[in-house]
Amino acid sequence: MKGTKPNNNNNKPPRTTKKKRGTSCFGRCIKFVVLLVLIAVSGLMYLRTNCCARQRHFARILTQRNVTEWSDFSREVVCPAIEKGYEDAKMAPGAHLTVVDVGTGAGASLICHAQQMHRIKKLVIIEPNVEFTSELKRVVEHFAFPEDMVEIVSEGGEDASKAVESGSADLVTTVHLLCSVDADVLSQVTSSISRMLRSGGIYVGVDHTKTRLDATPLEIPGPVPIFPFSNPVVMRLFQTMVEPVWETIANGCKFVDMPGVYKGHFGKESGFDSTSPTLREFRFPVMQYIPLVWDLSLIHISEPTRLLSISYAVFCLKKKKNT
């Protein structure tokens, strides 16, 4: 009709309200988070069902750390126990010892053995995960161990300890071994340790354990653990929540009651002099190195003050001479 203004509303794009835009952005964020969760769960399930991939992933995480980065943990927790083991195992002043380190991994305990090198006749390193072999050779070279002093045994898988003759070891050491062993083979592992030791020999073990209220904190320099993880009750709950993921990423490592494990497998009936464990708390810069499952790498975060307090059970046991 004449004089009627044309209606151009149909040609104009519909207006989008701020509320709709916000809802759309929130929806995309939810989808992205769900996608990340699905990828992470898929990666964890793959590692959980594929033993070889899990071992490669675990070795990749640990070998990306410089050997000196183990020094705080080794110096404060592992080395005092191993040094005591050397003292208790010596048969005479100046005697050189045959030492077996089982489940050496990336070599956190080798720092401590290097400090006692003058006491060593033979050091046998048993690590069934062949992914660690090249790293162990590098660490041995780093600490300048003589070539004829060290033997690395990786062939034979879980039966690699059979390469050591029965009753030939003066000292056997393990770090993070028993907390990583499945319950159905735990007796086999502890029996192997006992078999390798001579009468009067010493076994030193350091393992993760469930956080306990009676744990003795270490007086080490630096800030206190980040709240609320400085609370033992909260930390125990946190361990229970993360254990399924931790066990997969850390190749079987679990938070178990290690004092109970030691009492059951290294008690009076096992041929060892029974002793109470020393429970220690180590402040670990867990926020500084975060393992990523999906790309098998480490991200460095410059927040060394964000620490968690991790519980360890430390044992130094003597095999009875009448067994």
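It should be noted that the structure appears before, not after, this text.
The rules behind these values
- Residues numbered from 1 in each chain as written.
- Predicted model: local features only at pLDDT ≥ 70, side-chain atom pairs only at ≥ 80, totals over all residues.
- Heavy atoms only, no water.
- Helix = DSSP H or I, 4+ residues; strand = E, 2+ residues; numbered from the N terminus.
- Polar contact = N/O pair within 3.5 Å; in protein donor to acceptor, adjacent residues only side chain to side chain.
- Contact = heavy atoms within 4.5 Å.
- Buried < 20%, exposed > 50% of the residue type's maximum accessible area, 1.4 Å probe, protein only.
- Arc of directions from axis to C-beta.
- Salt bridge = Lys/Arg side-chain N within 4 Å of Asp/Glu carboxyl O.
- Expected span 1.5 Å × (residues − 1).
- Disulfide = S-S within 2.5 Å.

Draft legend 1. Broad picture of the side chain of H208. By the secondary structure assignment, H208 is in strand β5 (residues 197-208). At 3.3 Å, the side chain of H208 forms a polar contact with the side chain of Y312. Once residues lying within four places of it in the same chain are set aside, the contact partners of H208 are H176, C179, W246, C253, K254, F255, V256, M258, I310, S311 and Y312.

Draft legend 2. Up close: helix α5 (residues 133-142). Taken together, the buried positions of α5 are occupied by T133, E135, L136, V139 and V140. Summarising the axial view, the buried residues of α5 lie within an arc of 160°, below the 170-degree limit, and thus occupy one face. Exposed residues pointing more than 90 degrees away from the buried face of α5 are listed as S134, K137 and E141. Elements in contact with the buried residues of α5: α2 (51-63), α4 (110-115), β2 (120-126) and β3 (150-153). Once α5 ends, the next one or two residues include A144, with phi positive near 60°.

Draft legend 3. Up close: the pattern of salt bridges. Applying the stated criterion across every chain yields a total of 6 salt bridges. Of the charged contacts in the structure, one is a salt bridge between E135 and R138, with a shortest N-O distance of 2.7 Å. With E135 and R138 both in helix α5, this residue pair falls 3 residues apart, about one helical turn. It is possible to trace a salt-bridge network through shared partners that takes in E87, K90 and R119.

Draft legend 4. A look at helix α6 (residues 183-196). For α6, which comprises 14 residues, the first-to-last C-alpha distance of 21 Å matches the rise-based estimate of 20 Å (1.5 Å per residue) to within 8%. Taken residue by residue, α6 has L186, V189, T190, S192, I193, S194 and M196 as its buried positions.

Draft legend 5. Spatial organisation of the state of the cysteines. Going through the model one piece at a time under the given rule, you end up with 1 disulfide. Here C79 engages in a disulfide with C112; their sulfurs sit 2.2 Å apart. Note on the C79 and C112 pair: the S-S dihedral is about -85°, so by sign convention the disulfide is left-handed. Linking C79 in helix α3 (residues 71-89) with C112 in helix α4, this pair joins segments that are 33 residues apart in sequence. An identical accessibility class is assigned to C79 and C112; each is buried. The cysteine C25 is free of any disulfide, with C29 supplying the nearest cysteine sulfur at 4.4 Å.

Draft legend 6. Spotlight on unusual backbone geometry. Phi angles above zero are rare outside glycine, and A144 is one such case at about 60°. With respect to the element layout, A144 can be found in the loop between α5 and β3. Residue class for A144 comes out exposed when judged on its relative accessible area of 54%. The residue H176 is not glycine, and still its phi comes out positive at about 60°. By the element assignment, H176 lies in the loop between β4 (169-175) and α6. Note on H176: relative accessible area 23%, which makes it partly exposed.

No statement about biological role is implied by the geometric values presented.
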